[in-house]
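# Close look at the chain arrangement
In case you want the letters, here they are:
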Amino acid sequence: MSRWDRIRPWAALLPPPLAWYVFQLGLGSVLKVRCAPVGNGLGLGWGLGSLAVCAAAMAIAWPCAKPAGDQTPPRAWLSRVALLLAAIFALAIAFQTLAVMIVPPCVG
């Protein structure tokens with residue numbers, strides 16, 4: 001097993017939460033601090049970029065998620081967790097992107 005195969009599940013676990021965190025903080029600062037509208041494409045582009053990061057993490061984890069024989073190794077379990085985590089964060093990013101496109105800046 002190569003070094004990349006050993007770290008593949010871990011490499012798939014980290015990007016989705018980081019993408020969501022950067023998405024949350026980045027667009028939050030644009031909306032709240034500067035009170036600038038992001039419906040002109042910035043919010044959609046940022047959301048699609050964050051979703052692409054989650055999709056890349058899923059592509060990294062997918063080959064390791066299959067069980068090996070009768071026993072499922074911890075690597076396969078960790079890869080399944082990475083797939084689930086990427087899906088959950090992609091859903092959160094998608095809903096937040098939709099909210100950014102609908103809700104005007106500086107409401108309330």
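Data block above holds the structure.
The text that follows walks through the structure, step by step, so that each part is easy to find. These numbers were taken from a predicted model, which means no experiment stands behind them. All chains use their own residue numbering, which begins from 1 and follows the written sequence. Where totals are concerned, whole chains, interfaces and linings use all residues; where local detail is concerned, this predicted model gives features only for residues with pLDDT of at least 70, and gives and counts side-chain atom pairs only at 80 or more. To obtain the side-chain values, all non-hydrogen atoms of the structure were used and water was disregarded.

## Structural notes on the overall build of the protein
Counting its regular elements, the protein contains four helices and zero strands. Written out in order from the N terminus, the α and β elements of the protein read α-α-α-α. Two residues qualify as a contact provided that any one of their heavy atoms is within 4.5 Å of a heavy atom in the partner residue. For the protein, contacts bridging at least 24 residues in sequence account for 74% of all contacts bridging at least 6. Strands here mean DSSP runs of E at least two residues long; helices mean DSSP runs of H or I at least four residues long; both are numbered from the N terminus.

## Overview of the packing of aromatic side chains
Ring pairs are drawn from Phe, Tyr and Trp, using the six-membered ring of Trp, whenever the two centres fall within 6.5 Å, and their geometry is named by plane angle: stacked under 30 degrees, edge-to-face over 60, tilted for the rest. Following the criterion strictly, the structure yields one aromatic pair and no others. Residues Trp 20 and Phe 89 carry aromatic rings whose centres are separated by 5.9 Å and whose planes lie at 50° to one another, so their mutual orientation is tilted. One end of the pair, Trp 20, is in helix α2 (residues 15–33); the other, Phe 89, is in helix α4 (residues 74–102), with 69 residues separating them in the sequence. Exposure is judged per residue with a 1.4 Å probe applied to protein chains only, and the accessible area is read against the type maximum: over 50% gives exposed, under 20% gives buried, and values in between give partly exposed. Of the residues examined, Phe 89 reaches a relative accessible area of 17% and is grouped as buried.

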